[in-house]
Amino acid sequence: MPVVIGFEGSANKIGIGILRDGEVLSNPRRTYITPPGQGFMPSDTARHHRAVILTVLQEALDQAGLKPADIDCVAYTKGPGMGAPLVTVALVARTVAQLWGKPLLGVNHCIGHIEMGRLITQANNPTVLYVSGGNTQVIAYSQRRYRIFGETIDIAVGNCLDRFARVIKISNDPSPGYNIEQLAKKGSQFVELPYTVKGMDVSFSGILSYIEDASHKMLSSGQCTAEDLCFSLQETVFSMLVEITERAMAHCGSQEVLIVGGVGCNLRLQEMMGVMCRERGAKLFATDERFCIDNGAMIAQAGWEMFRSGQVTELEDSWITQRYRTDAVEVTWRD
């Protein structure tokens, strides 16, 4: 079976994973963490990735116990993502492919998440909720495409959580979303926030604007605590996601839900989705932070599927794109 190495670096994580026939041989990762109250700029993130990528590459090979000659294909994230980090990783992947004399494969980041989730959970044909810092989509497979049934019409749910974390100066270590989740567990008072579902789509920018403005007044006056606001924000945005996922399931006649993406690690989201699934007699599938959060193995897995179906990216076509729709990819490896 082919051995594929995957390079991921579309945002603040840089990861390189090696996979063989569904077995993850190695999956080291580094995260660019900024001070509380700050996000990560593309140029700074790319600089971080450049500084560590060769170290991570050596770690991946050492942990797998492999040499370059053992690799059959080099996969990298083509997009979507932040331009400068994507270029950094693509450059290294192209160079490695040429030095090692291996074929190259440009992978859609979103499909990497889906294929890794399918591999780890063994979900058959699930309705997929893909939630991260840059994407929010409800997806189902049909006729060689991952079809988008609903999505955010402005910012992603992870971006909404991250930006609220900056407002109340929550630490970015290990991630702002994780720290909001921990604070939310201590919240007891529900603060009503805008709930914006438009058909199959959702909107988070209005919720963020509202809570950014209200938080200063409510916290300074003692009306509620930061924990209450974290709790209320999670409950509201996750309810919206559960609603559109259930509607997609009903449309598709699906009895499986798979949650992927960095926000998919959130146990409260999994709990709320689990309640909905039990009421419908459906199954919920999710992974932990090893595979939910951006990692190289997910790019290797999608690359492995593509490579087996005969796909290869020629060098002149090995560019990156910040906008790369999930439904723009022909899924040649599924019936």
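Parameters at a glance
Residues numbered from 1 in each chain as written. Predicted model: local features only at pLDDT ≥ 70, side-chain atom pairs only at ≥ 80, totals over all residues. Heavy atoms only, no water. UniProt positions renumbered as here; feature names shortened; annotations may be inferred. Helix = DSSP H or I, 4+ residues; strand = E, 2+ residues; numbered from the N terminus. Buried < 20%, exposed > 50% of the residue type's maximum accessible area, 1.4 Å probe, protein only. Contact = heavy atoms within 4.5 Å. Polar contact = N/O pair within 3.5 Å; in protein donor to acceptor, adjacent residues only side chain to side chain. Domains from an automatic or database assignment. Buried area = accessible area lost by both parts, 1.4 Å probe. Salt bridge = Lys/Arg side-chain N within 4 Å of Asp/Glu carboxyl O. Nonpolar A, V, L, I, M, F, W, Y, C, P; charged D, E, K, R; others polar. Core = buried A, V, L, I, M, F, W, Y, C linked by side-chain atoms within 4.5 Å. Pairing = 2+ DSSP bridges.

Going by what an unreviewed UniProt entry lists, the protein is known as N(6)-L-threonylcarbamoyladenine synthase and is assigned to Tetraodon nigroviridis. What the UniProt record of the protein gives under Catalytic activity (unreviewed entry) is the line "L-threonylcarbamoyladenylate + adenosine(37) in tRNA = N(6)-L-threonylcarbamoyladenosine(37) in tRNA + AMP + H(+)".

**Student:** What's the story with the UniProt feature "binding site: a divalent metal cation" (unreviewed entry) in the protein in this structure? I'm lost.
**Tutor:** Per the UniProt entry, the sites bearing "binding site: a divalent metal cation" (unreviewed entry) are His-109, His-113, Tyr-130 and Asp-294 in this numbering. For the residues just named, distributed over 186 residues, the greatest C-alpha separation is only 12.1 Å, placing them together at one site. Assignment of secondary structure puts His-109 in helix α3 (residues 109–121). Residue classification places His-109 among the buried positions, given a relative accessible area of 4%. Those residues in contact with His-109, other than ones at most four positions away along the chain, are Glu-8, Ser-10, Thr-77, Gly-79, Pro-80, Tyr-130, Asp-294, Met-298 and Ile-299. Side-chain polar atoms of His-109 contact the side chain of Glu-8, separated by 3.0 Å. The class for Asp-294 is buried, based on a relative accessible area of 11%. If we skip the residues at most four places from it in the chain, Asp-294 touches Glu-8, Ser-10, Ala-11, Lys-13, Arg-29, His-109 and His-113.

**Student:** Before we go on, may I ask you to explain the domain arrangement of the protein in this structure?
**Tutor:** How big an interface is tends to be expressed through the accessible area that disappears when the partners come together. Domains assigned within the protein are domain 1 (3–114 + 293–317) and domain 2 (123–290). The C-alpha centroid of domain 2 is placed 27 Å from the C-alpha centroid of domain 1. Each partner contributes residues to the interface: domain 1 has 17 residues there, and domain 2 has 19 residues. Looking only at domain 1, the three residues that lose the most surface to domain 2 are His-113, Ile-114 and Ile-293, adding up to 38% of its buried area. Along the contact surface separating domain 1 from domain 2 lie zero salt bridges. In terms of residues, the side of domain 1 that touches domain 2 owes the most to one element, α3, which gives five residues. Taken together, the residues that form the side of domain 1 that touches domain 2 break down as eight nonpolar, eight polar and one charged.

**Student:** Before we go on, may I ask you to explain the UniProt feature "binding site: substrate" (unreviewed entry) in the protein in this structure?
**Tutor:** Look at the UniProt record and you will see "binding site: substrate" (unreviewed entry) annotated at Tyr-130, Val-131, Ser-132, Gly-133, Gly-134, Asp-162, Gly-177, Glu-181 and Asn-266. Residue position: Gly-133 is located in the loop between β7 (127–131) and β8 (136–142). Accessibility expressed as a relative area gives 41% for Gly-133, which makes it partly exposed. Excluding its chain neighbours within four sequence positions, the residues that come into contact with Gly-133 are Ala-156, Gly-158 and Asn-159. Examined against the element boundaries, Asp-162 turns out to sit in helix α4 (residues 157–167). If we skip the residues at most four places from it in the chain, Asp-162 touches Pro-176 and Gly-177.

**Student:** Explain the nonpolar core to me, please; I cannot follow it from the model alone.
**Tutor:** Nonpolar side chains tend toward joint burial in soluble globular proteins. Counting residues in each nonpolar core, the largest one holds 46 residues, and the members touching the most others are Val-131, Phe-164, Phe-204, Cys-230, Leu-233, Leu-269 and Met-273. Those elements giving two or more residues to this core turn out to be β7, α4, α5 (176–184), α6 (205–221), α7 (226–252), β12 (256–260) and α8 (267–280). In terms of residue count, the dominant contributor to this core is α7 (eleven residues). Not counting chain neighbours up to four residues away, the residues in contact with Leu-233 comprise Cys-160, Leu-161, Phe-164, Leu-193, Ile-207 and Ile-211. One finds Tyr-141, Tyr-146, Phe-285 and Trp-304 within the second-largest nonpolar core, a separate group that totals 33 residues.

**Student:** What am I meant to see in the pairing of strand β1 (residues 3–8) here?
**Tutor:** On a regular strand, one side chain projects to one face of the sheet and the next to the other, so that they alternate. Most of β1 sits out of view: six of its six residues are buried. Burial along β1 is two-sided: the residues Val-3, Ile-5 and Phe-7 and Val-4, Gly-6 and Glu-8 are all buried. Sheet analysis places β1 next to strand β2 (residues 13–20), joined by six bridges and oriented antiparallel. For Glu-8, the partnering residue across the bridge sits in β2 and is Gly-15. The hairpin turn running from β1 into β2, its antiparallel successor, is four residues long. Pairing analysis gives four bridges linking β1 to strand β5 (residues 73–79), with the strands arranged parallel. Counted as the bridge partner of Ile-5 is Val-74 from β5.

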